[in-house]
There are 2 protein chains.
Amino acid sequence: MKQKIAMNSNKDVEKHSFKCGRQKRFLIPSILLLLLEKPSHGYELMEKYPEFGFTDTGPDAGAIYRTLKSLKSDGFVESKWNTGNTGAAKKIYSITGKGKILLKNWAKEMNEKKNSIVVFLERYKKSNKALAETGKKLF
Amino acid sequence: MKQKIAMNSNKDVEKHSFKCGRQKRFLIPSILLLLLEKPSHGYELMEKYPEFGFTDTGPDAGAIYRTLKSLKSDGFVESKWNTGNTGAAKKIYSITGKGKILLKNWAKEMNEKKNSIVVFLERYKKSNKALAETGKKLF
DNA sequence: AATCGATATATGTTATATACATATATTATG
DNA sequence: CATAATATATGTATATAACATATATCGATT
(Lines give C-alpha, C1' and ligand atoms only; values in the text may rest on other atoms or scores of the structure.)
Protein backbone atom coordinates (compact mmCIF):
# COMPACT_ATOMS: atom_id res chain seq x y z
CA MET A 1 0.00 0.00 0.00
CA LYS A 2 1.25 3.37 -0.92
CA GLN A 3 2.23 5.55 1.98
CA LYS A 4 0.45 8.85 2.10
CA ILE A 5 2.36 11.79 3.46
CA ALA A 6 0.71 15.14 4.16
CA MET A 7 2.42 17.36 1.69
CA ASN A 8 0.47 19.42 -0.77
CA SER A 9 -1.56 22.54 -0.08
CA ASN A 10 0.77 23.16 2.83
CA LYS A 11 2.51 26.42 3.55
CA ASP A 12 5.83 24.74 4.40
CA VAL A 13 6.11 23.06 1.01
CA GLU A 14 5.65 26.34 -0.78
CA LYS A 15 8.27 27.89 1.46
CA HIS A 16 10.92 25.41 0.29
CA SER A 17 9.76 24.80 -3.26
CA PHE A 18 11.41 25.83 -6.50
CA LYS A 19 9.32 28.96 -6.47
CA CYS A 20 10.58 30.08 -3.10
CA GLY A 21 12.54 33.29 -2.93
CA ARG A 22 13.28 35.35 -5.97
CA GLN A 23 13.31 33.36 -9.17
CA LYS A 24 15.76 33.95 -11.97
CA ARG A 25 13.27 35.02 -14.61
CA PHE A 26 15.85 35.78 -17.29
CA LEU A 27 14.07 39.00 -18.05
CA ILE A 28 17.17 40.84 -19.28
CA PRO A 29 18.30 38.23 -21.84
CA SER A 30 14.70 37.64 -22.93
CA ILE A 31 14.22 41.32 -23.67
CA LEU A 32 17.58 41.50 -25.44
CA LEU A 33 16.83 38.47 -27.61
CA LEU A 34 13.38 39.75 -28.55
CA LEU A 35 14.95 43.07 -29.52
CA LEU A 36 17.65 41.26 -31.50
CA GLU A 37 14.88 39.62 -33.48
CA LYS A 38 12.93 42.81 -33.95
CA PRO A 39 12.80 46.34 -32.47
CA SER A 40 9.80 46.48 -30.18
CA HIS A 41 8.11 48.34 -27.35
CA GLY A 42 7.40 47.49 -23.71
CA TYR A 43 3.88 46.24 -24.09
CA GLU A 44 4.75 43.93 -26.98
CA LEU A 45 7.75 42.53 -25.10
CA MET A 46 5.45 41.90 -22.17
CA GLU A 47 3.20 39.82 -24.43
CA LYS A 48 6.06 37.91 -26.02
CA TYR A 49 8.09 37.22 -22.90
CA PRO A 50 5.99 34.19 -21.82
CA GLU A 51 6.99 32.41 -25.05
CA PHE A 52 10.24 31.42 -23.38
CA GLY A 53 8.41 29.67 -20.56
CA PHE A 54 10.63 30.91 -17.78
CA THR A 55 7.63 31.57 -15.58
CA ASP A 56 4.05 30.46 -15.31
CA THR A 57 2.89 33.59 -13.52
CA GLY A 58 3.27 35.89 -16.49
CA PRO A 59 5.52 38.90 -16.73
CA ASP A 60 5.32 41.90 -14.51
CA ALA A 61 4.64 45.04 -16.50
CA GLY A 62 6.55 47.12 -13.97
CA ALA A 63 9.60 44.89 -14.29
CA ILE A 64 9.58 45.15 -18.09
CA TYR A 65 9.46 48.94 -18.17
CA ARG A 66 11.97 49.32 -15.37
CA THR A 67 14.38 46.90 -17.03
CA LEU A 68 14.10 48.67 -20.38
CA LYS A 69 14.75 52.01 -18.74
CA SER A 70 17.76 50.65 -16.91
CA LEU A 71 19.18 48.88 -19.98
CA LYS A 72 18.80 52.09 -21.93
CA SER A 73 20.51 54.25 -19.34
CA ASP A 74 23.56 52.00 -19.64
CA GLY A 75 23.53 51.84 -23.44
CA PHE A 76 22.46 48.23 -24.00
CA VAL A 77 19.32 49.32 -25.84
CA GLU A 78 18.21 52.56 -27.45
CA SER A 79 14.74 53.96 -28.08
CA LYS A 80 12.73 56.36 -30.18
CA TRP A 81 9.10 57.40 -29.91
CA ASN A 82 6.67 56.03 -32.46
CA THR A 83 4.04 58.69 -33.01
CA GLY A 84 3.13 57.72 -36.58
CA ASN A 85 0.49 55.11 -35.85
CA THR A 86 -2.80 55.36 -34.11
CA GLY A 87 -3.11 54.39 -30.46
CA ALA A 88 -1.05 55.42 -27.47
CA ALA A 89 2.48 56.54 -28.35
CA LYS A 90 4.98 53.69 -28.29
CA LYS A 91 8.61 53.80 -27.25
CA ILE A 92 10.35 51.58 -29.78
CA TYR A 93 13.48 49.94 -28.39
CA SER A 94 16.37 48.42 -30.36
CA ILE A 95 19.39 46.47 -29.17
CA THR A 96 22.79 48.15 -29.46
CA GLY A 97 26.21 46.61 -30.20
CA LYS A 98 26.92 46.72 -26.48
CA GLY A 99 23.60 44.98 -25.86
CA LYS A 100 24.51 42.19 -28.28
CA ILE A 101 27.69 41.50 -26.34
CA LEU A 102 25.75 41.47 -23.09
CA LEU A 103 23.29 38.98 -24.60
CA LYS A 104 26.17 36.80 -25.73
CA ASN A 105 27.53 36.75 -22.16
CA TRP A 106 24.11 35.80 -20.85
CA ALA A 107 23.83 32.95 -23.36
CA LYS A 108 27.20 31.62 -22.25
CA GLU A 109 26.27 31.68 -18.58
CA MET A 110 22.80 30.29 -19.16
CA ASN A 111 24.39 27.39 -20.98
CA GLU A 112 26.65 26.75 -18.00
CA LYS A 113 23.68 26.88 -15.65
CA LYS A 114 21.86 24.43 -17.90
CA ASN A 115 24.83 22.06 -17.75
CA SER A 116 24.85 22.24 -13.96
CA ILE A 117 21.18 21.35 -13.86
CA VAL A 118 21.79 18.41 -16.17
CA VAL A 119 24.60 17.17 -13.89
CA PHE A 120 22.30 17.52 -10.90
CA LEU A 121 19.41 15.67 -12.52
CA GLU A 122 21.64 12.82 -13.67
CA ARG A 123 23.07 12.47 -10.20
CA TYR A 124 19.56 12.46 -8.74
CA LYS A 125 18.46 9.80 -11.19
CA LYS A 126 21.49 7.69 -10.38
CA SER A 127 20.88 8.02 -6.67
CA ASN A 128 17.26 6.96 -7.03
CA LYS A 129 18.27 3.99 -9.12
CA ALA A 130 20.82 2.91 -6.52
CA LEU A 131 18.25 3.19 -3.76
CA ALA A 132 15.76 1.17 -5.77
CA GLU A 133 18.33 -1.58 -6.27
CA THR A 134 19.08 -1.86 -2.57
CA GLY A 135 15.36 -2.40 -2.05
CA LYS A 136 14.77 0.79 -0.10
CA LYS A 137 11.48 2.41 -0.85
CA LEU A 138 11.89 5.83 -2.43
CA PHE A 139 9.11 7.55 -0.48
CA MET B 1 38.97 45.24 -38.32
CA LYS B 2 37.15 44.10 -35.27
CA GLN B 3 35.13 46.79 -33.59
CA LYS B 4 36.05 47.38 -29.98
CA ILE B 5 33.30 48.39 -27.62
CA ALA B 6 34.00 49.51 -24.07
CA MET B 7 32.40 46.74 -22.08
CA ASN B 8 34.35 44.82 -19.51
CA SER B 9 35.51 46.00 -16.11
CA ASN B 10 32.53 48.33 -16.15
CA LYS B 11 29.99 48.66 -13.37
CA ASP B 12 27.01 48.75 -15.73
CA VAL B 13 27.84 45.37 -17.24
CA GLU B 14 27.95 43.73 -13.85
CA LYS B 15 24.63 45.35 -13.01
CA HIS B 16 22.89 43.62 -15.91
CA SER B 17 24.89 40.39 -16.07
CA PHE B 18 23.77 36.89 -15.22
CA LYS B 19 25.14 37.38 -11.72
CA CYS B 20 23.05 40.45 -11.06
CA GLY B 21 20.50 40.23 -8.30
CA ARG B 22 20.05 37.10 -6.27
CA GLN B 23 21.00 33.96 -8.10
CA LYS B 24 19.09 30.71 -7.86
CA ARG B 25 21.75 28.65 -6.12
CA PHE B 26 19.63 25.51 -5.78
CA LEU B 27 20.79 25.14 -2.22
CA ILE B 28 17.68 23.30 -1.03
CA PRO B 29 17.69 20.56 -3.70
CA SER B 30 21.49 20.25 -3.45
CA ILE B 31 21.30 19.64 0.28
CA LEU B 32 18.41 17.22 -0.16
CA LEU B 33 20.22 15.22 -2.85
CA LEU B 34 23.45 15.04 -0.81
CA LEU B 35 21.41 13.78 2.15
CA LEU B 36 19.65 11.28 -0.08
CA GLU B 37 23.06 9.90 -1.00
CA LYS B 38 24.32 9.86 2.58
CA PRO B 39 23.37 11.37 5.95
CA SER B 40 25.70 14.23 6.62
CA HIS B 41 26.34 17.38 8.64
CA GLY B 42 26.47 21.08 7.76
CA TYR B 43 30.17 21.44 7.31
CA GLU B 44 30.46 18.42 5.03
CA LEU B 45 27.51 19.61 2.93
CA MET B 46 29.22 22.96 2.64
CA GLU B 47 32.28 21.24 1.20
CA LYS B 48 30.31 19.05 -1.19
CA TYR B 49 27.88 21.66 -2.47
CA PRO B 50 30.32 23.16 -5.03
CA GLU B 51 30.41 19.75 -6.82
CA PHE B 52 27.17 20.71 -8.54
CA GLY B 53 28.73 23.84 -10.01
CA PHE B 54 25.75 26.09 -9.43
CA THR B 55 28.02 28.90 -8.29
CA ASP B 56 31.62 29.91 -8.61
CA THR B 57 31.69 31.91 -5.40
CA GLY B 58 31.45 28.92 -3.10
CA PRO B 59 28.69 28.22 -0.59
CA ASP B 60 27.78 30.45 2.27
CA ALA B 61 28.13 28.68 5.59
CA GLY B 62 25.32 30.76 7.06
CA ALA B 63 22.99 29.79 4.27
CA ILE B 64 23.72 26.08 4.72
CA TYR B 65 23.03 26.05 8.44
CA ARG B 66 19.97 28.25 8.15
CA THR B 67 18.55 26.12 5.35
CA LEU B 68 19.12 22.92 7.32
CA LYS B 69 17.43 24.41 10.37
CA SER B 70 14.49 25.56 8.29
CA LEU B 71 14.14 22.24 6.43
CA LYS B 72 14.21 20.43 9.74
CA SER B 73 11.58 22.63 11.35
CA ASP B 74 9.22 21.68 8.53
CA GLY B 75 10.06 17.96 8.58
CA PHE B 76 11.99 17.61 5.31
CA VAL B 77 15.12 16.48 7.13
CA GLU B 78 15.79 15.18 10.62
CA SER B 79 18.92 15.30 12.74
CA LYS B 80 20.75 13.68 15.62
CA TRP B 81 23.94 14.71 17.39
CA ASN B 82 27.08 12.73 16.70
CA THR B 83 29.15 12.78 19.86
CA GLY B 84 30.94 9.46 19.27
CA ASN B 85 33.87 10.69 17.22
CA THR B 86 36.59 13.10 18.05
CA GLY B 87 36.35 16.72 16.96
CA ALA B 88 33.58 19.22 17.44
CA ALA B 89 30.15 17.63 17.85
CA LYS B 90 28.35 17.16 14.53
CA LYS B 91 24.66 17.40 13.85
CA ILE B 92 24.01 14.55 11.45
CA TYR B 93 21.09 15.23 9.12
CA SER B 94 19.06 12.69 7.12
CA ILE B 95 16.36 13.19 4.52
CA THR B 96 12.80 12.22 5.46
CA GLY B 97 10.04 10.77 3.28
CA LYS B 98 8.58 14.24 3.03
CA GLY B 99 12.00 15.55 2.00
CA LYS B 100 12.23 12.96 -0.78
CA ILE B 101 8.95 14.19 -2.23
CA LEU B 102 10.14 17.78 -2.02
CA LEU B 103 13.34 16.81 -3.86
CA LYS B 104 11.28 15.07 -6.53
CA ASN B 105 9.27 18.25 -7.05
CA TRP B 106 12.47 20.27 -7.33
CA ALA B 107 13.88 17.85 -9.92
CA LYS B 108 10.71 18.20 -11.99
CA GLU B 109 10.83 21.97 -11.94
CA MET B 110 14.56 22.14 -12.54
CA ASN B 111 14.04 19.97 -15.60
CA GLU B 112 11.41 22.40 -16.87
CA LYS B 113 13.73 25.33 -16.26
CA LYS B 114 16.47 23.49 -18.14
CA ASN B 115 14.12 22.97 -21.08
CA SER B 116 13.26 26.66 -21.14
CA ILE B 117 16.93 27.56 -21.23
CA VAL B 118 17.46 25.13 -24.11
CA VAL B 119 14.59 26.74 -26.03
CA PHE B 120 16.06 30.17 -25.37
CA LEU B 121 19.57 29.20 -26.49
CA GLU B 122 18.28 27.58 -29.68
CA ARG B 123 16.27 30.64 -30.49
CA TYR B 124 19.29 32.84 -29.86
CA LYS B 125 21.45 30.65 -32.11
CA LYS B 126 18.82 30.77 -34.84
CA SER B 127 18.55 34.54 -34.60
CA ASN B 128 22.30 34.97 -34.87
CA LYS B 129 22.40 32.68 -37.88
CA ALA B 130 19.64 34.64 -39.60
CA LEU B 131 21.46 37.92 -38.94
CA ALA B 132 24.69 36.48 -40.29
CA GLU B 133 22.92 35.39 -43.48
CA THR B 134 21.49 38.84 -44.10
CA GLY B 135 25.04 40.15 -43.88
CA LYS B 136 24.53 42.19 -40.75
CA LYS B 137 27.49 42.16 -38.46
CA LEU B 138 26.69 40.61 -35.13
CA PHE B 139 28.62 43.05 -32.98
C1' DA C 1 -21.65 60.24 -24.64
C1' DA C 2 -20.56 57.43 -21.09
C1' DT C 3 -18.86 53.13 -19.52
C1' DC C 4 -15.68 49.46 -20.12
C1' DG C 5 -11.75 46.85 -21.60
C1' DA C 6 -7.52 46.81 -24.05
C1' DT C 7 -3.36 49.21 -25.12
C1' DA C 8 0.76 51.59 -23.34
C1' DT C 9 3.94 53.53 -20.01
C1' DA C 10 5.42 54.40 -15.34
C1' DT C 11 6.16 54.58 -10.24
C1' DG C 12 5.46 52.91 -5.26
C1' DT C 13 6.02 49.32 -1.80
C1' DT C 14 7.08 44.94 0.45
C1' DA C 15 9.08 40.40 1.21
C1' DT C 16 13.03 37.55 1.20
C1' DA C 17 17.05 34.58 -0.35
C1' DT C 18 21.45 35.75 -1.07
C1' DA C 19 25.80 37.62 0.41
C1' DC C 20 28.81 39.13 3.59
C1' DA C 21 30.29 39.56 8.32
C1' DT C 22 30.85 38.12 12.86
C1' DA C 23 30.66 35.05 17.06
C1' DT C 24 31.51 30.80 19.57
C1' DA C 25 33.79 26.47 20.74
C1' DT C 26 36.55 22.39 19.86
C1' DT C 27 40.41 19.88 17.88
C1' DA C 28 44.74 19.53 15.25
C1' DT C 29 49.27 21.39 14.14
C1' DG C 30 53.57 23.74 14.21
C1' DC D 1 50.41 28.45 23.10
C1' DA D 2 49.18 30.66 19.09
C1' DT D 3 47.27 29.60 14.70
C1' DA D 4 44.55 27.07 11.45
C1' DA D 5 40.96 23.94 10.54
C1' DT D 6 36.67 22.03 11.93
C1' DA D 7 31.83 22.86 13.17
C1' DT D 8 27.68 25.45 14.23
C1' DA D 9 25.15 29.70 14.56
C1' DT D 10 23.35 34.51 14.34
C1' DG D 11 23.34 39.52 12.59
C1' DT D 12 22.64 42.66 8.86
C1' DA D 13 22.42 44.76 4.11
C1' DT D 14 20.63 44.54 -0.44
C1' DA D 15 18.76 43.75 -4.98
C1' DT D 16 14.79 42.48 -7.26
C1' DA D 17 10.76 39.73 -7.84
C1' DA D 18 6.05 40.30 -6.92
C1' DC D 19 2.34 42.91 -6.16
C1' DA D 20 -0.20 47.21 -6.37
C1' DT D 21 -1.39 51.58 -8.14
C1' DA D 22 -1.46 55.65 -11.38
C1' DT D 23 -1.82 57.89 -15.84
C1' DA D 24 -3.55 58.37 -20.56
C1' DT D 25 -5.24 56.93 -25.18
C1' DC D 26 -8.04 54.15 -28.19
C1' DG D 27 -11.82 50.92 -29.62
C1' DA D 28 -16.00 48.66 -28.66
C1' DT D 29 -20.32 48.30 -26.22
C1' DT D 30 -24.53 50.15 -24.14
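Provided above is the structure to which this section pertains.
Here's a quick rundown of the structure. If you're wondering where the values come from, they're calculated on a predicted model, not measured in any experiment.

**Points about the protein's contact with DNA strand C**
Taken together, 21 residues sit near DNA strand C, with Arg22, Tyr43, Arg66 and Lys90 of chain A together with Arg25 of chain B positioned nearest. For DNA strand C, the backbone makes up 64% of the atoms found within 4 Å of the protein, where backbone means sugar plus phosphate. The side chain of aspartate 60 of chain B places a nitrogen or oxygen atom 3.0 Å from a base nitrogen of DNA strand C. Between DNA strand C and the protein, one listed contact pairs a base nitrogen with a side-chain N or O atom of arginine 66 of chain B at 3.4 Å. Those elements that place two or more of their residues in the surface near DNA strand C are helix H3 (42–48), helix H4 (61–73) and strand S2 (90–95) of chain A. Among the elements that make up the surface near DNA strand C, the one with the highest residue count is H4 of chain A (four residues). Looking at the surface near DNA strand C residue by residue, the classes come out as five nonpolar, seven polar and nine charged.

**Observations regarding the protein's contact with DNA strand D**
Among the 22 residues in the neighbourhood of DNA strand D, the closest are listed as Arg25 of chain A together with Arg22, Tyr43, Arg66 and Lys90 of chain B. Restricting the count to atoms of DNA strand D within 4 Å of the protein gives a sugar and phosphate share of 66%. Measuring from a phosphate oxygen of DNA strand D, one finds a side-chain N or O atom of tyrosine 65 of chain B at 2.9 Å. Top contributing element to the surface near DNA strand D by residue count: helix H4 (residues 61–73) of chain B, with four residues.

**Thoughts on the packing of aromatic side chains**
We describe a pair of aromatic rings using the distance from one ring centre to the other and the angle between the two ring planes. Under the counting rule described, the total for this entry stands at 14 aromatic pairs over all chains. Centroid distance phenylalanine 26 of chain A to phenylalanine 18 of chain B: 6.2 Å. Interplanar angle 40 degrees. Geometry classified as tilted. A residue pair is termed interchain when its members come from two chains, as with phenylalanine 26 of chain A in the loop between helix H1 (11–16) and helix H2 (27–37) and phenylalanine 18 of chain B in the loop between helix H1 (11–16) and helix H2 (27–37). Ring plane angle 45 degrees and centroid distance 4.8 Å describe the contact between phenylalanine 26 of chain B and phenylalanine 54 of chain B, whose orientation is recorded as tilted. Taken together, the residues phenylalanine 26 of chain B in the loop between H1 and H2 and phenylalanine 54 of chain B in the loop between helix H3 (42–48) and H4 connect sequence positions 28 residues apart. Of the residues examined, phenylalanine 26 of chain B reaches a relative accessible area of 4% and is grouped as buried. Joined through ring pairs, the aromatic side chains of Phe18 and Phe120 of chain A together with Phe26, Phe52, Phe54 and Trp106 of chain B make up one cluster. Above the face of the phenylalanine 76 of chain A ring, lysine 98 of chain A is positioned so that its terminal group lies 4.9 Å from the ring centre. Sitting above the plane of the phenylalanine 18 of chain A ring, lysine 24 of chain B keeps its charged end 5.4 Å from the centroid.

**What to know about the relation of the copies chain A and chain B**
For these two chain copies, the linking operation is a rotation about an axis paired with a shift along it. With an RMSD of 0.1 Å, chain A superimposes on chain B once it is rotated by 180 degrees and translated 0.0 Å along the axis. Taken together, the rotation and translation describe the operation of a two-fold axis. Residue lysine 114 of chain A of chain A places its C-alpha closer to the rotation axis than any other residue of that unit, at 2.8 Å. Of all interface residues in chain A, 100% are interface residues in chain B too; the two copies therefore contact each other through one and the same surface.

**Quick notes on H4 of chain B**
Its 13 residues place the ends of H4 of chain B 19 Å apart at the C-alpha level, agreeing with the 18 Å of an ideal helix rising 1.5 Å per residue. Taken as a whole, H4 of chain B has its buried residues at Ile64, Thr67, Leu68 and Leu71 of chain B. Mapping the buried residues of H4 of chain B onto a view down its axis gives an arc of 100 degrees, with all of them on the same face. Among the exposed residues of H4 of chain B, those pointing more than 90 degrees away from its buried face are Arg66, Lys69 and Ser73 of chain B. Those residues of H4 of chain B that are buried lie in contact with H1 of chain A together with H2, H3, strand S1 (77–82), strand S2 (90–95) and helix H5 (97–133) of chain B.

Basis of the calculations
- Residues numbered from 1 in each chain as written.
- Chains lettered and ligands numbered in written order.
- Predicted model: local features only at pLDDT ≥ 70, side-chain atom pairs only at ≥ 80, totals over all residues.
- Heavy atoms only, no water.
- Near = heavy atom within 4 Å.
- Polar contact = N/O pair within 3.5 Å; in protein donor to acceptor, adjacent residues only side chain to side chain.
- Helix = DSSP H or I, 4+ residues; strand = E, 2+ residues; numbered from the N terminus.
- Nonpolar A, V, L, I, M, F, W, Y, C, P; charged D, E, K, R; others polar.
- Phe/Tyr/Trp six-rings, centres within 6.5 Å; stacked < 30°, edge-to-face > 60°.
- Buried < 20%, exposed > 50% of the residue type's maximum accessible area, 1.4 Å probe, protein only.
- Lys NZ or Arg CZ within 6 Å of the ring centre and 35° of its normal.
- Least-squares fit on C-alpha atoms with pLDDT ≥ 70 in both.
- Contact = heavy atoms within 4.5 Å.
- Expected span 1.5 Å × (residues − 1).
- Arc of directions from axis to C-beta.

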